[in-house]
2 protein chains.
Amino acid sequence: MARKASLSGFPEWLPEERLVELHVLDTLRKTFELHGFSNIETRAVETVSHLLRKGDIDKEVYAVSRLQADDDGGRATSSDDGLALHYDLTVPFARYVVENSGHLAFPFRRYQIQKCWRGERPQDGRFREFTQADIDVVGDGVLPFRYDVELALVVVDALSALPIPDFTVRVNNRKLAEGFYRGIGLEDTAGVLRSIDKLEKIGAEKVTALLQTELGATDDQAVLALRLASIRTADVSFVDQVRALGVTHPLLEEGLNELEQVIAEASRRAPGRVVADLSIARGLDYYTGTVYETVLNGHESLGSICSGGRYDSLATKGNRTFPGVGLSIGVTRLVSRILSQDFTAVSRQVPTAVLISLTDDSSWSAAQDIATSLRSRGISAEVAASAEKFGKQIKFADRRGIPFVWFTATDGTHEVKDIRTGAQEPADPDTWSPPAVDLVPTVLRAKPAAG
Amino acid sequence: MARKASLSGFPEWLPEERLVELHVLDTLRKTFELHGFSNIETRAVETVSHLLRKGDIDKEVYAVSRLQADDDGGRATSSDDGLALHYDLTVPFARYVVENSGHLAFPFRRYQIQKCWRGERPQDGRFREFTQADIDVVGDGVLPFRYDVELALVVVDALSALPIPDFTVRVNNRKLAEGFYRGIGLEDTAGVLRSIDKLEKIGAEKVTALLQTELGATDDQAVLALRLASIRTADVSFVDQVRALGVTHPLLEEGLNELEQVIAEASRRAPGRVVADLSIARGLDYYTGTVYETVLNGHESLGSICSGGRYDSLATKGNRTFPGVGLSIGVTRLVSRILSQDFTAVSRQVPTAVLISLTDDSSWSAAQDIATSLRSRGISAEVAASAEKFGKQIKFADRRGIPFVWFTATDGTHEVKDIRTGAQEPADPDTWSPPAVDLVPTVLRAKPAAG
């Protein structure tokens, strides 16, 4: 991560960095599958009209067109139905569900790990090409609320397995917020949410002014809206704190009850990792109930590493509605931070565990036999390309990070040298194995720095 | 594969089809790593000028531009340095090697599995978005010829592990062909190769005419060029057949010797799977020695599923040259054929092995405890969302393809039912496992159709 991407916003990793990314991807995949999520991929492009249906974000979209197409039909614009790269995995997934609804068993649990593209200005943790790992459960007509609880548990499981610092999943509920605002007489709930969303950026005083000037809130209304946003608890005590504000509304009650279910279960299973945070407004425009966002503790400025929520209607097809709840993990954001902060150590850079050395140039084929035998038992092996002096062959292994070198004597006996220690021992191609710790490159959580 | 892609040329798989693709990708990854190849990924976009450097293929390239960029700077054309999606993995890899040469240990063995995009007309086995799996070995200055032999062995290993019919890797050598043509007095060797490349399409008679009219070949020269192209042997006997034509040239000798090395080793290790085929002209424009292409036996019309060759210079940096040899497997082409021909059977559609049923709605949290215990031992489990009648919960599992349902009685005892057989037995959350065959969905080679 000392290297700069040669194209700003399009990071590329060195092989040993890619090992860390693969470890993250493999860990997420394994966790999602243990929780019963099936994998799919969608194409990289969507029609522009489908991408822009969800809101005013066209500034960030990369259009795609054939380089030599006729000029009138070549470039996609928002007025025709050209193609563009997807900017997230939710919009393509909604289309996929509608197109394939006859072939899917609902509730459909899927995970999807793919690249996304946004033409934004690159910043720390914000890229133009980045990998997202999404999980969603989608129902046909109905989807029990329990999936909102379950998905919080799944991401806690997934993030806990990664080589990252501790994290906090912050949960809110749009019904709670909206019901509260209505309960105090503020009907433009979306406007209030937009103002509250600026709390961290501009502070309470300026948000109060916004609420008063733009939404016509009274002093009392502004104070109550800000008090609600200040509530943050690691257990279900937020319920009493909200009640203490003396506001009542049926939607508020529904939201309180839903959020209480999430926090009650999560605080029991993952104490301190899932908190009720009533300031979370992000994405509330799109979501209709539960909303999640997640920060790495001590790295809050990185932004959310895992966000999502409940949609009453992820997609519709005729009079069928597909409600959903899901979360999206920012893999590239996480991996870039893991690499820049050295959260991990990689045991070696190459998959190869053993280099089969050559005694003379005619022994290459016999060396391939040894390598084949090792590979059949899951041991990664490569064969030297030429019979240089043994010292040179050992140096070759050392330079590439291969821990063992195999020697075959002219009498047909074999020995293996651990070139890190110099220890050399007799070996049989049909039975020798490296110590388990040396079988494949491993990615270890680095010891946290003191202090 | 009965379904049509909603956007022509951009295939998307159902979850059970994706299991087949994942099986192919996992198998390739495992094989490549056993042979000591490291994984990298490159960004999806390259500058247009870099992409077009390699030849006249700009008609196939998808340009990328910000949808709302100013009109003068928005669309990438070949005259500015806009961005475009890569159409293969070799061109991006060459750039990556040059940019990171100071951080890589040579010879650098890498595999790369990513999507590519081409704006071609979609056909059977030809897509606009498709996944390639590439392996290359790249040297710094020099790269021993033995890697040309080794790479043939690696792809034989990789393809043999896939659920596909038998295949044939056809190998030729540009030095052999070029030396032969020079030896018979045809100096425009690239022109001869272009004509020979049309052999399968237009037949020997028309190729003869082409050689005579366009390249000024005599009758004898045309006959000899066609005789060379007709040589195809599963062992090294091609050497004698070429020698019998009575042509001599130093480059021909060098090519004969190289191709003999590949075929000698490969015919010993994988009899019949690697053949010398002196008609292979494909890609000879780009390659400088060995060339490979691969067909599925009985599916030759699908085109090559794995092609590549030797470059004397994959890339250059100042006065440094990076020679390479590599092959590219057409994953999407293979997977689409596997699916359309039912080469495989999938044991189930979802990762979930066990559904934990609910006795009553308050038992959801206890059911999560059971699921957690199973998952900690690698068993995929999900919990029912509501305490419907057991019959309904069993139907839910059946509809989703989950083989086992877990029941907890009010006295705290547990039983597991195999809903395929109806067999039910006592079970302990801390020790129960499904039979090994039911642990995860498996992809099996289907029995070949008789005939």
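So, how was this worked out
Residues numbered from 1 in each chain as written. Chains lettered and ligands numbered in written order. Predicted model: local features only at pLDDT ≥ 70, side-chain atom pairs only at ≥ 80, totals over all residues. Heavy atoms only, no water. Helix = DSSP H or I, 4+ residues; strand = E, 2+ residues; numbered from the N terminus. Buried < 20%, exposed > 50% of the residue type's maximum accessible area, 1.4 Å probe, protein only. Contact = heavy atoms within 4.5 Å. Areas by Shrake-Rupley, 256 points an atom, 1.4 Å probe, with all protein chains shown as cover. Lys, Arg positive; Asp, Glu negative; His and termini not counted. Charge placed at Lys NZ, Arg CZ, Asp CG, Glu CD. Core = buried A, V, L, I, M, F, W, Y, C linked by side-chain atoms within 4.5 Å. Salt bridge = Lys/Arg side-chain N within 4 Å of Asp/Glu carboxyl O. Pairing = 2+ DSSP bridges. Axes fitted to C-alpha atoms, helices over the stretch in contact; angles between N-to-C directions. Buried area = accessible area lost by both parts, 1.4 Å probe. Least-squares fit on C-alpha atoms with pLDDT ≥ 70 in both. pLDDT = per-residue confidence, 0-100. Phe/Tyr/Trp six-rings, centres within 6.5 Å; stacked < 30°, edge-to-face > 60°. Polar contact = N/O pair within 3.5 Å; in protein donor to acceptor, adjacent residues only side chain to side chain. Domains from an automatic or database assignment. Nonpolar A, V, L, I, M, F, W, Y, C, P; charged D, E, K, R; others polar.

**Focus on the overall build of chain A**
When its secondary structure is counted, chain A shows 14 helices and 19 strands. With the principal axes as the frame, chain A shows a C-alpha extent of 95 × 60 × 40 Å. Across the 451 residues of chain A, 58% fall into the buried class. A separation of at least 24 residues holds for 68% of the contacts in chain A among residues at least 6 apart in sequence. Accessible surface, chain A: about 18300 Å² in total, of which carbon and sulfur atoms supply 49%. If you average the places of the 52 positive and of the 63 negative side-chain charges in chain A, the two averages end up 2 Å apart.

**Digging into the nonpolar core**
Phe32, Phe180, Tyr181 and Phe238 of chain B are the most contacted members of the largest nonpolar core, which has 108 residues in total. At ten residues, the largest contribution of residues to this core is made by helix H5 (residues 146-160) of chain B. Apart from residues lying up to four places away in sequence, Phe180 of chain B is in contact with Leu224, Ala225, Leu228, Val242, Leu245, Val247 and Leu252 of chain B. In this structure, Val20, Val192 and Leu339 of chain A together with Ala384 of chain B belong to the second largest nonpolar core, which totals 107 residues.

**Some remarks on the pattern of salt bridges**
Think of it this way: side chains of opposite charge can pair up when their charged atoms draw near. As enumerated under the stated definition, the model contains 70 salt bridges over all chains in all. In this structure, Glu178 of chain B and Arg174 of chain B form a salt bridge, with 2.9 Å as the shortest nitrogen-oxygen distance. Placement of the pair is Glu178 of chain B and Arg174 of chain B together in helix H6 (residues 174-183), with a separation of four residues, close to one helical turn. Each member of the pair, Glu178 of chain B as well as Arg174 of chain B, carries the same accessibility label: buried. Taken together, the shared-partner salt bridges connect Glu12 of chain A together with Arg43, Glu46, Arg95 and Glu99 of chain B into one network.

**A few points about the pairing of strand S9 (residues 274-277) of chain A**
A regular strand carries its side chains on alternate faces of the sheet. Residue and element names in this part refer to chain A. Side chains Val274 and Ala276 project from S9 onto one buried face, and the interleaved Val275 and Asp277 project onto a second face that is buried too. Across three bridges, the pairing between strand S7 (residues 167-173) and S9 is parallel. Across the sheet, the residue bridging to Val171 is Ala276, located in S9. In terms of strand pairing, strand S8 (residues 232-233) meets S9 through two bridges, oriented antiparallel. When the sheet's bridge partners are listed, Arg232 is paired in S9 with Asp277.

**Details of the sheet that holds strand S6 (residues 129-138) of chain B**
Residues and elements named next belong to chain B. The nine strands lie next to each other as S1-S5-S6-S12-S11-S10-S7-S9-S8, forming an open sheet whose pairing is mixed. Strand pairing shows two members of the sheet lacking a second neighbour, strand S1 (38-39) and strand S8 (232-233), which therefore form its edges. Running over the sheet, helix H1 (residues 15-34) touches strand S5 (108-117), S6 and strand S12 (320-330) and is turned about 5° from S6.

**Details of the interface of chain A and chain B**
Facing 92 residues of chain A, the contacting portion of chain B comprises 92 residues. Between chain A and chain B lies a buried interface of about 8200 Å² when both sides are counted; carbon and sulfur atoms form 50% of it. Connecting chain A to chain B are 16 salt bridges. Here Arg109 of chain B ties to Glu382 of chain A by a salt bridge, and the two come within 3.7 Å at their closest N and O atoms.

**Quick word on the relation of the copies chain A and chain B**
Related by rotation about an axis and a shift along that axis, the two copies of the chain form a pair. Placing chain A over chain B gives an RMSD of 0.1 Å and needs a rotation angle of 180°, together with 0.0 Å of translation along the axis. What the rotation and shift describe, once combined, is the action of a two-fold rotation axis. Rotation axis and chain A: the residue whose C-alpha lies nearest the axis is Val64 of chain A, separated from it by 2.4 Å. Here 100% of the interface residues in chain A have copies in chain B that are interface residues too; the copies meet face to matching face.

**Concerning the confidence of the model for chain A**
Detailed reading of the predicted coordinates is not advisable wherever pLDDT is low. Mean pLDDT over chain A: 92, with 93% of residues reaching 70 or higher. Here residues 70-80 of chain A is a poorly scored stretch, pLDDT under 50, and it has 23 contacts once near neighbours within four places are set aside; other chains count.

**Some remarks on the pairing of S6 of chain B**
Residue and element names in this part refer to chain B. Among the ten residues that make up S6, ten are buried, leaving the element largely enclosed by the rest of the structure. Note: S5 against S6, ten bridges, orientation antiparallel. Residue Lys115 lies in a different strand from S6, and its bridge partner there is Thr131. Sheet topology places S6 next to S12; seven bridges connect them, and they run antiparallel. Along S12, the bridge assignment pairs Val137 with Val325.

**A few points about the sheet that holds strand S18 (residues 424-426) of chain A**
The strands making up a sheet associate through backbone hydrogen bonding, with each pair oriented either parallel or antiparallel. All names here are of chain A. Pairing within the open sheet is mixed, and its five strands lie in the order S15-S14-S16-S17-S18. Each of the sheet's edge strands pairs with one partner strand only, and the pair in question is strand S15 (381-383) and S18. Strand-to-strand, the axes of this sheet are offset by a mean angle of 25°, without reference to chain direction. Relative to strand S16 (residues 404-408), strand S14 (residues 354-356) runs parallel, the two being bridged by three bridges. Paired with Ile356 across the two strands is Trp406, which belongs to S16. Taken strand by strand, helix H14 (residues 390-400) contacts S14, S15, S16 and strand S17 (414-418), and its axis lies near 155° from that of S16.

**Some remarks on the packing of aromatic side chains**
Going through the model one piece at a time under the given rule, you end up with 19 aromatic pairs over all chains. Three or more aromatic residues joined by ring pairs make a cluster, and in this case those are Phe404, Trp406 and Trp432 of chain A.

**Examining the environment of Ser307 of chain A**
Residues and elements named next belong to chain A. Structurally, Ser307 is set in strand S11 (residues 306-317). Separated by 138 residues in the primary sequence, Ser307 and Val169 have C-alpha atoms spaced 8.7 Å apart. In this structure the side chain of Ser307 is engaged in a polar contact, spanning 2.6 Å, whose partner is the side chain of Ser304.

**Concerning the domain arrangement of chain A**
Residues and elements named next belong to chain A. Split into domains, chain A comes out as domain 1 (15-40 + 88-345), domain 2 (45-85) and domain 3 (354-444). On a C-alpha basis, the centroid separation for the pair domain 1 and domain 3 is 50 Å. Contacts between the two partners involve six residues from domain 1, matched on the other side by four residues from domain 3. Around 390 Å² of area is buried between domain 1 and domain 3 when both sides are counted, 66% of it from carbon and sulfur atoms. The largest contributions to the domain 1 side of the interface with domain 3 come from Leu19, His23 and Ala345, which together make up 77% of the buried area. Across the domain 1-domain 3 interface, the total number found is one residue pair in polar contact (both at pLDDT 80 or more). Residue assignment for the side of domain 1 that touches domain 3 shows that the elements contributing at least two residues are helix H1 (15-34) and strand S13 (344-346). With three residues, H1 is the largest single contributor of residues to the side of domain 1 that touches domain 3. Looking at the side of domain 1 that touches domain 3 residue by residue, the classes come out as four nonpolar, two polar and no charged.

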